[in-house]
Amino acid sequence: MPNSGRGDRAGGELVRSLLDSGALSADWADTFRAVPRAWFLPDLIWAYDMGTGRSVPISRAEEPDAWERAAYANVPLVTQWDDGRHSGTEPGVVATSSASMPSVVAAMLRDLDVSDGMRVLEIGTGTGWNAALLAHRLGSGNVVSVEIDAEVVARARAALGRVGLGPEVIHGDGRDGWAGSAPYDRVIATAGVRDLPPRWLEQTRPGGVVLAPWGTHYSDQDALVRLTVGDDGGASGPGGRYESVRFLTGLRVPDCAHVVNRTGEAAGKAWFFDLRGRSWAVAEFREGEAGARVHQSGPRRLWDEVEAAVAWWVGRGRPGVERFGLAVGPDGLARSW
């Protein structure tokens, strides 16, 4: 599937930009040039507008130039809404398949640190682009990708076939991994998780690496954790890429969901909910007022816990997320440190 001349230029410019930023390592540059994201996108995509926070529909048939610019831009693209039940061009309710920002894809592959001959299990096939990049670099026979959505699987297989790449794409629950081709040298998850499934550790050889966006229920942000699997079947490693105070608060206030409803630049309500009980708290911020009006209910005093967590972080010099790590036992139970 050859590029257009404009696509060649746009792809080259994107690769240079990713190299200059450090997201893309030099050993991946040729693969990113050879396997552009545009080959794996449907004719209707929704580009995320960083300025407005909206997803903007772009039809290849009606706006071919805008579609190509978006395909080669460093922005996330939604490719499916509401598990495929959505129709029309307006955004749906929940994005259920997407093409990540090229800088995020490049940085994760850089951190995966693969070398020739390695076998890789990918969790979350999506468009198939990430699996294609891995297959181009390592060979199709060394890459297995698992995707839970049957229609997403079909589209990814078709796209991979069109470009002559044949990693094994499995329709199944990514939490189970894929034992049929284990053990793996690397496991990479492209979707955020709140725990590390034990099957991933079981299917990774000792000394192998599990790379996954991991976080707590406190926030929808994820830290990228890179865990090295030990001889005992457990794994441990550092985290990164997260707003430190929210990351720390999620660790120290477990089983708590956090939602902010803004009503102005400095006004709104911050809600906190106990996921295992009936405790809750709300902090109301008003324009022109320095503090917040707090109400909380239930046996857990969630606002007090959040305040204590932030005070702990401040008292230790506001450590960055790079100073935190995660240890996971063979049973999948995680302990942060």
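Above this text sits the structure in question.
Model, not experiment: these values are computed from the prediction.

What counts as what
Residues numbered from 1 in each chain as written. Predicted model: local features only at pLDDT ≥ 70, side-chain atom pairs only at ≥ 80, totals over all residues. Heavy atoms only, no water. Salt bridge = Lys/Arg side-chain N within 4 Å of Asp/Glu carboxyl O. Buried < 20%, exposed > 50% of the residue type's maximum accessible area, 1.4 Å probe, protein only. Helix = DSSP H or I, 4+ residues; strand = E, 2+ residues; numbered from the N terminus. 1 Å grid on protein atoms, 1.4 Å probe; cavity = no way out; pocket = protein on both sides within 12 Å on 5 of 7 lines; lining within 4 Å. Points joined across faces, edges and corners; volume = space filled by probe spheres on them. Pairing = 2+ DSSP bridges. Axes fitted to C-alpha atoms, helices over the stretch in contact; angles between N-to-C directions. Contact = heavy atoms within 4.5 Å. Expected span 1.5 Å × (residues − 1). Arc of directions from axis to C-beta. Polar contact = N/O pair within 3.5 Å; in protein donor to acceptor, adjacent residues only side chain to side chain. Phe/Tyr/Trp six-rings, centres within 6.5 Å; stacked < 30°, edge-to-face > 60°. Lys NZ or Arg CZ within 6 Å of the ring centre and 35° of its normal.

**Q** Honestly, the pattern of salt bridges in this entry has me stumped. Any pointers?
**A** Between side chains of opposite charge, a pair can form as their charged atoms come close. For the coordinates displayed, the defined rule picks out 14 salt bridges. For Arg300, the salt bridge goes to Glu305, with nearest N and O atoms at 2.6 Å. You can call Glu305 partly exposed: its relative accessible area is 25%. What emerges from the salt-bridge pattern is a single network uniting Asp274, Arg300 and Glu305.

**Q** Help me understand helix H4 (residues 102-112) in this model?
**A** Because an α-helix packs 3.6 residues into every turn, residues spaced three or four apart end up facing the same way. H4 sits mainly inside the fold: eight of its eleven residues count as buried. By the burial criterion, the buried members of H4 are Pro102, Ser103, Val105, Ala106, Ala107, Met108, Leu109 and Leu112. One or two steps after H4, the chain reaches Asp113, where phi turns positive at roughly 55°.

**Q** Just to check I follow, could you spell out empty space enclosed by the protein for this structure?
**A** Empty space left among the atoms is revealed by rolling a probe the size of a water molecule over them. Tallied over the entire structure, the rule returns one cavity of 30 Å³ or more. Within this model, the largest cavity holds a volume of roughly 70 Å³. Along the walls of the largest cavity sit Gly11, Leu14, Val15, Phe32, Pro36, Arg37, Ala71, Tyr72 and Trp129, which together make up its complete lining. Per-element accounting of the lining of the largest cavity gives the leading share, three residues, to helix H1 (residues 5-21).

**Q** Can you walk me through unusual backbone geometry in this structure?
**A** Residues apart from glycine generally show negative phi values, whereas peptide bonds are mostly found in trans. Each neighbour pair has its own omega, and for Ala182 with Pro183 the value is 5°, a cis peptide bond. Relative to the helices and strands, Pro183 is located in the loop between strand S7 (168-171) and strand S8 (184-189). One non-glycine residue, Asp83, adopts positive backbone phi at about 55°. Along the chain, Asp83 falls in the loop between strand S3 (77-81) and strand S4 (95-99). Positive phi, close to 55°, is recorded for Arg318, a residue that is not glycine. Its place among the elements puts Arg318 in the loop between helix H9 (302-315) and strand S16 (325-328). Residue Arg318 is classed as exposed on the basis of its relative accessible area of 52%.

**Q** Could you clarify how one ought to interpret the sheet that holds strand S2 (residues 55-59) in this entry?
**A** In any sheet, the strands associate via hydrogen bonds between backbone groups, in a parallel or an antiparallel arrangement. Overall, antiparallel pairing links the four strands, which are arranged S2-S1-S3-S4 in an open sheet. The open sheet terminates on both sides in strands that have one partner only, identified here as S2 and S4. Adjacent strand axes in the sheet meet at a mean angle of 40° when their direction is disregarded. Pairing analysis gives five bridges linking strand S1 (residues 44-48) to S2, with the strands arranged antiparallel. Residue pairing across strands places Tyr48 opposite Ser55, the latter belonging to S2. Seen against the sheet, helix H3 (residues 64-71) touches S1, S2 and S3 and runs at an angle of roughly 125° to S2.

**Q** Teacher, can you tell me more about H9 here?
**A** Compared with an ideal rise of 1.5 Å per residue, which puts 14 residues at 20 Å, H9 spans 20 Å between its outermost C-alpha atoms and is within 8% of the ideal. All buried positions along H9 are accounted for by Leu302, Trp303, Val306, Ala309 and Trp313. Seen end-on, H9 carries its buried residues on one side only, within an arc spanning 125°. In the core, the buried residues of H9 are packed alongside helix H8 (244-252), strand S12 (256-264), strand S13 (267-274), strand S14 (280-285) and strand S15 (292-297). Positive backbone phi, at 85°, marks Gly317, one or two positions downstream of H9.

**Q** In this structure, what is going on with the side chain of Asn142? I would like to understand it.
**A** With respect to the helices and strands, Asn142 occurs in the loop between helix H5 (129-138) and strand S6 (143-147). For Asn142, the side chain forms a polar contact with the main-chain oxygen of Leu138, separated by 2.9 Å. Those residues in contact with Asn142 that lie beyond four places of it in its chain are Gly117, Met118, Arg119 and Val120.

**Q** How do you make sense of the environment of Arg33 when you look at a structure like this?
**A** Within the secondary structure layout, Arg33 lies in helix H2 (residues 26-34). Judged by its relative accessible area of 44%, Arg33 falls in the partly exposed class. Separated by 18 residues in sequence, Arg33 and Val15 place their C-alpha atoms 6.9 Å apart. If sequence neighbours within four positions are ignored, Arg33 has contacts with Val15 and Leu19.

**Q** Help me understand the packing of aromatic side chains, please; the structure alone is not making it clear to me.
**A** How two aromatic rings sit relative to each other is given by the distance of their centres and the angle of their planes. Taken as a whole, this structure holds seven aromatic pairs when the rule is applied. Geometrically, the ring pair formed by Phe247 and Phe324 is edge-to-face, given 5.3 Å between the ring centres and 75° between the ring planes. One end of the pair, Phe247, is in helix H8; the other, Phe324, is in the loop between H9 and S16, with 77 residues separating them in the sequence. Residue Phe247 is classed as buried on the basis of its relative accessible area, which comes to 5%. Here the aromatic cluster, defined as three or more aromatic residues joined through ring pairs, consists of Tyr218, Phe272 and Trp303. Sitting over the face of the ring of Trp67, Arg60 holds its NZ or CZ atom 4.1 Å from the ring centroid. The cationic tip of Arg137 hangs over the ring face of Trp28; the distance from NZ or CZ to the ring centre is 4.8 Å.

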